[in-house]
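# Observations on the three-dimensional arrangement
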Amino acid sequence: MAPGGGDGRRNGEAATGQQANGANNAKAKHGCVCGFPVCACAGAAAVASAASSADMDRVAVAATEGQIGAVNDESWIAVDLSDDLSGDGADPGVALEDRPVFRTEKIKGILLHPYRVLIFVRLIAFTLFVIWRISHRNPDALWLWVTSIAGEFWFGFSWLLDQLPKLNPINRVPDLAVLRQRFDRADGTSRLPGLDIFVTTADPFKEPILSTANSILSILAADYPVERNTCYLSDDSGMLLTYEAMAEAAKFATVWVPFCRKHGIEPRGPESYFELKSHPYIGRSQEDFVNDRRRVRKEYDEFKARINGLEHDIKQRSDAYNAARGLKDGEPRATWMADGNQWEGTWVEPSENHRKGDHAGIVYVLLNHPSHSRQLGPPASADNPLDFSMVDVRLPMLVYVSREKRPGFNHEKKAGAMNALTRCSAVISNSPFILNLDCDHYINNSQALRAGICFMLGRDSDTVAFVQFPQRFEGVDPTDLYANHNRIFFDGTLRALDGMQGPIYVGTGCMFRRITLYGFDPPRINVGGPCFPSLGGMFTKTKYEKPGLELTTKAAVAKGKHGFLPLPKKSYGKSDAFVDTIPRASHPSPFADADEAAAIVSDEATITEAVAVCTAAYEKKTGWGSDIGWVYGTVTEDVVTGYRMHIKGWRSRYCSIYPHAFIGTAPINLTERLYQVLRWSTGSLEIFFSRNNPLFGSTFLHPLQRVAYINITTYPFTALFLIFYTTVPALSFVTGHFIVQRPTTMFYVYLAIVLGTLLILAVLEVKWAGVTVFEWFRNGQFWMTASCSAYLAAVCQVLVKVVFRRDISFKLTSKQPAGDEKKDPYADLYVVRWTWLMVTPIIIILVNIIGSAVAFAKVLDGEWTHWLKVAGGVFFNFWVLFHLYPFAKGLLGKHGKTPVVVLVWWAFTFVITAVLYINIPHIHGPGGKHGGAIGKHGAAHHGKRYQLYGWP
């Protein structure tokens, strides 16, 4: 499909919310000095309604929709409305026009105050415990005592790093009804700002193209102004397979999107929707809905069949074209598009200039920019059984992008693809906001884009760099064996950071203010947050000069005047067309009135320029990857990119809505999950050993935000100490040397307080975070597995990189299922694919079983006279085994295996070890009943004693 021209108006120049026009004087009176029509809001968060406007022709009454509802039955919503948090709290009972677009809620004191007190109680108890440990040395095993003290210091330090940023968890709630009233017009148009949505994929075989197509379809069907929404797909593989799948998705969208608007469909990813057992309808007759759904389902089944047959069709077509050209054996065979042109990307058979990682840049417009006026669909007819006569059938713009790749260039993986997309989208649509999604994440709540934009449009929101949504996953078994949901991190840690400077950027489901990617500073610095507002005065800073009118007129831009840029023009590359887009991307911008927009022209010249900014050599000797865009040098480009924004003084917000905004696909088995964690932990350590170490960040970073970043870049080091604590206590039963020589009453008192306060803190955290106790336990279990495997491997890899300067390579996490999902939807989660990361946990399991068996045998054999001497150690061994139980179950290889199997194998190993210990006397110590005989007769009689105490 060749690039097509399109009429329309440029999204990026419609900098929504600068000032109210004459027709909106009633709203303008609520505007503040910053120029926004929304004058009171502060953040992101917990809930948004699943209700959507069923049709664009009902926008006038949709202001009463989108009310905030409960997060879910699993949550608690124990909050106090805050009237003192920078004035952004609001009573939801006030008139609609007087309400902020979102409000901030505080955790109830009955939860928060004990939580804070217990943190300091545990800190004091832990300090006294360490002092006791230091003053009670173990002279029999001094090395063991020193190592254990070091481990306890680290565990206490890492706990403190994790706990301090959680001192002020808050809840931020968007109000979609207010957003609709202030930005949507009765004629169906909207003054909401433009939004560019980036979807990235790198391998159509590991990342199923059907999943990618569903993500694209959900974006096209989202409840956001059509002319303000532009979707970009970045295909780093450059394969025709992905392009033609997107072309098929664009065709199916002409049916799917109007169907979603007509009936208020949720979710708007077709695969997920058609898997629902019930299909609610909104505002239409049931018979009409059933007929439409049956027809669309048939269309979707045909769409899936075409997607699944694409690989065969492309090969068959290419063979026919190549045969027609009379190619001889050994000559390069091209891949051919449906229109008879050769594909410029990767070919089916690698050949010169078209190998993997060696192809030209490609930019194709699959769906042109729509008009700004509504276009109603055709009525039902014999040829078209779907009645869309009252439905807006326009589709958002869809662009396929594959950046150029050449040998000898470091393409910087996903970060490089995101930077190429940023430049390409600036040349084409240049929206002031960007949302990035992985190809396996689809929009589950059609209101998600509106909920996120709430936190960009209010008072002080011009200092918000990005809004982070939590990651939710489907395809996870009900027991969540590998803690894929990770709710403790998303709903606990990130929600708490929203009370500081804001959550960290975690890679997907994040909405950015475009100018933050260009290196701009915030207009003012206020990092105190609701918890420490006085800190804002400590970090005062003069506002940077926003693009002035004299610099942003079309004539001035045409002359190449770029004095407003925070970095030299050469830092942005050699494209004047790209640099000219930067002033128009600022929001709010004096470049144009809120209702003005320039045309988005996808003509040949524009596409040519878009291809030029995606070339492999474009970033050479520029600031991309260091001062501009996504940051290079680590596999966790997301964390370091968000960090670079925070140290400039920018803030971020957390937006958790229900139904969940985006839903992705979890790793398909234990092996892929461990590789995923390995990549994350390695990237964190790379940041720690780089110039982006948070220890040396600017003073604009909130103190507790710095603590959170230190924690996120050092947590893998825990593996070094945890390996010691999961093996040495078990081995102590064999050697007879323990970490503590003679435990006293105070030892048990301190230990009880430390463990008791930890459990109470966990219960309180579960309450205010809205998660379950089961999820807390699962998180702890997988933390043990990851620490013993992926974290340890990450430390070794990064140390090798630092010492020997060797790059670290990673394979893409596979999301492609291989089992029979119809028989068992979770079968692939339990497929065993061996990896060296499993070795350490297996050794730890065996060591703890053997250690407990030896302790049991020594008591039975009379070497130890009572159980109390080993009760504590055995309890700790079983604590380790309890945490590694999900890992052991995962090694069974089949879903549905009864947990008894794991216990039987453990018990079998335990009994065999104990029996062998009792019946092989030469391994006994001198204190046992057999040890005396051995000591009496000497080593020369070992063989004889072995025959006397042979196998039973």
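Above this text you will find the structure in question.
Quick caveat: nothing in here was measured; it's all calculated off a predicted structure.

### What about the nonpolar core?
Residues Trp256 and Phe303 are the most contacted members of the largest nonpolar core, which totals 80 residues. In terms of residues, this core owes the most to one element, helix α6 (residues 240-263), which gives 15 residues. Non-local contacts of Trp256, meaning those with residues more than four positions away in its chain, are made with Leu217, Ala221, Ile265, Pro267, Arg268, Gly269, Pro270, Tyr273, Phe274 and Val296. Listed in part, the 53 residues of the second largest apolar core include Ala483, Phe490, Leu792 and Ile844.

### Topic: the environment of Phe153
When you line up the elements, Phe153 lands in helix α3 (residues 142-163). The exposure class of Phe153 is partly exposed, given its relative accessible area of 45%. Between the alpha carbons of Phe153 and Thr127 there is a distance of 9.3 Å; along the sequence they are 26 residues apart. In contact with Phe153, other than residues within four places in its own chain, are Val130 and Ile134.

### Looking at helix α19 (residues 670-688)
Look at α19: 27 Å from first C-alpha to last across 19 residues, which is about the 27 Å you get at 1.5 Å a residue. For α19, the N-terminal cap is Asn669; the gap from its side-chain oxygen to the backbone nitrogen of Thr671 is 3.1 Å.

### Considerations on the packing of α6 against helix α9 (residues 310-324)
Geometry of a packed helix pair, given as the angle between the helix axes and the separation of the axes. Relative orientation of the contacting elements α6 and α9 amounts to 115 degrees, with a least axis distance of 10 Å. The element α6 and its partner α9 pack so that their crossing is right-handed. Contacts between α6 and α9 pair Leu240, Leu241, Glu244 and Ala245 from the former with Leu310, Glu311, Ile314 and Arg317 from the latter. Per-class residue counts for the contact of α6 with α9 are 5 nonpolar, no polar and 3 charged.

### Quick notes on the pattern of salt bridges
A full pass over the atoms with the stated rule returns 35 salt bridges. Lys405 is the partner of Asp236 in a salt bridge, and the nearest nitrogen-oxygen pair spans 3.4 Å. One end of the pair, Asp236, is in the loop between β5 (229-235) and α6; the other, Lys405, is in the loop between β7 (397-402) and α10 (413-428), with 169 residues separating them in the sequence. In terms of burial, Asp236 and Lys405 fall into one category: buried. A salt bridge links Asp358 to Arg406; the nearest nitrogen and oxygen atoms lie 2.8 Å apart. Taken together, the residues Asp358 in the loop between α9 and β6 (362-367) and Arg406 in the loop between β7 and α10 connect sequence positions 48 residues apart. Residue classification places Asp358 among the buried residues on the basis of a relative accessible area of 8%. We classify Arg406 as partly exposed; its relative accessible area is 23%. Because the salt bridges share partners, they merge into one network encompassing Arg472, Arg487, Asp491, Arg495 and Glu775.

What counts and how
Residues numbered from 1 in each chain as written. Predicted model: local features only at pLDDT ≥ 70, side-chain atom pairs only at ≥ 80, totals over all residues. Heavy atoms only, no water. Core = buried A, V, L, I, M, F, W, Y, C linked by side-chain atoms within 4.5 Å. Buried < 20%, exposed > 50% of the residue type's maximum accessible area, 1.4 Å probe, protein only. Helix = DSSP H or I, 4+ residues; strand = E, 2+ residues; numbered from the N terminus. Contact = heavy atoms within 4.5 Å. Expected span 1.5 Å × (residues − 1). Polar contact = N/O pair within 3.5 Å; in protein donor to acceptor, adjacent residues only side chain to side chain. Axes fitted to C-alpha atoms, helices over the stretch in contact; angles between N-to-C directions. Left-handed = near helix turned anticlockwise from the far one by under 90°. Nonpolar A, V, L, I, M, F, W, Y, C, P; charged D, E, K, R; others polar. Salt bridge = Lys/Arg side-chain N within 4 Å of Asp/Glu carboxyl O.

Treat this as a map of the structure, not an account of what it does.
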